[in-house]
Amino acid sequence: MSITLHGSPISNYYNKVKLALLEKDLPFAEVDAGVPGASTKDQAVLAASPLGKIPFLVTTGTWRSPRASCMAAPSSERRH
Ligand SMILES: N[C@@H](CCC(=O)N[C@@H](CS)C(=O)NCC(=O)O)C(=O)O
């Protein structure tokens, strides 16, 4: 069970998500996904975020937040 926030600290979108995770006191890791808007997107970023946008979250396992009524499923189980 893990949450990894990918993005860049220079992005306000990234910092909004980070603030929400901190506010909820959820454990998470951070990965710098590089400079947003770069013309050449990293293939690993595109695999997780097809439009190449940051931020995005990568989750593993299934977990229930102790403070919320939502449950996150692993991406392999997610339906859109
Ligand atoms: N709707 C998205 C917007 C995210 C977004 O536009 N992120 C910018 C960086 S702050 C980005 O990834 N730009 C790169 C691009 O558009 O190619 C959100 O709210 O998270």
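Here the structure is a predicted model, which is why all the values come from computation and not from measurement.

### Brief notes about the nonpolar core
Thought 1: Residues Y14, A33, V45, I54 and F56 constitute the largest nonpolar core, which totals 5 residues.
Thought 2: Leaving out residues up to four positions away in the same chain, A33 has contacts with H6, G7, S8, V45 and I54.

### Points about the confidence of the model for the protein chain
Thought 1: Residues at a pLDDT of 70 or more form 71% of the protein chain, whose mean pLDDT is 82.
Thought 2: No element of the protein chain has a lower mean pLDDT than strand β5 (residues 71-72), at 60, and none a higher one than helix α1 (residues 12-23), at 97.

### Digging into the sheet that holds strand β3 (residues 56-60)
Thought 1: Within the open sheet, the 3 strands sit side by side as β2-β1-β3. Their pairing is mixed. Edge positions in the sheet fall to β2 (29-32) and β3, since each has one partner strand and no second. In this sheet, neighbouring strand axes are inclined to one another by 25° on average, regardless of whether the strands run parallel or antiparallel.
Thought 2: As paired elements, strand β1 (residues 2-7) and β2 share 4 bridges and run parallel to each other. Paired with L5 across the two strands is E30, which belongs to β2.

Criteria and thresholds
Residues numbered from 1 in each chain as written. Predicted model: local features only at pLDDT ≥ 70, side-chain atom pairs only at ≥ 80, totals over all residues. Core = buried A, V, L, I, M, F, W, Y, C linked by C-beta atoms within 7 Å. Buried ≥ 20, exposed ≤ 12 C-beta atoms within 10 Å, placed from the backbone. Contact = placed C-beta atoms within 7 Å. pLDDT = per-residue confidence, 0-100. Helix = DSSP H or I, 4+ residues; strand = E, 2+ residues; numbered from the N terminus. Pairing = 2+ DSSP bridges. Axes fitted to C-alpha atoms, helices over the stretch in contact; angles between N-to-C directions.

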